[in-house]
Amino acid sequence: MKLNRNDYAIEATTDGGYYAYLKSNIMCSAYGETPDEACENLANIVDDFVTDMYMVEEFV
């Protein structure tokens, strides 16, 4: 999934890494060594989250 820049925020951590999270759901977050890696990891997590939601919907 391609994230819009308005959908997420990136913050530097004290250990030199970066933390990216969705603005609409702070529980959906990812860590990376660089801002780009954090965003890429976040996009993968969002993809997994959306896929899991559709799987649950099929069983309901």
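Residues numbered from 1 in each chain as written. Predicted model: local features only at pLDDT ≥ 70, side-chain atom pairs only at ≥ 80, totals over all residues. Heavy atoms only, no water.

The name given to the protein in an unreviewed UniProt entry is HicB-like antitoxin of toxin-antitoxin system domain-containing protein, and the organism recorded there is Bacteroides cellulosilyticus CL02T12C19.

Draft legend 1. A look at the overall build of the protein. Each helix and strand counted, the protein has one helix and three strands in total. Burial status across the protein gives 25% buried among its 60 residues. Of the contacts made within the protein by residues no fewer than 6 positions apart, 18% connect residues no fewer than 24 positions apart. Put simply, the protein shows about 4,500 Å² of open surface, and 54% of that area lies on carbon and sulfur atoms. (Helix = DSSP H or I, 4+ residues; strand = E, 2+ residues; numbered from the N terminus. Buried < 20%, exposed > 50% of the residue type's maximum accessible area, 1.4 Å probe, protein only. Contact = heavy atoms within 4.5 Å. Areas by Shrake-Rupley, 256 points an atom, 1.4 Å probe, with all protein chains shown as cover.)

Draft legend 2. Fine view of the environment of Val46. Secondary-structure assignment places Val46 in helix α1 (residues 35-59). Judged by relative accessible area, which is 6%, Val46 ranks as buried. For the pair Val46 and Ala30, spaced 16 residues apart in sequence, the C-alpha to C-alpha distance is 9.7 Å.

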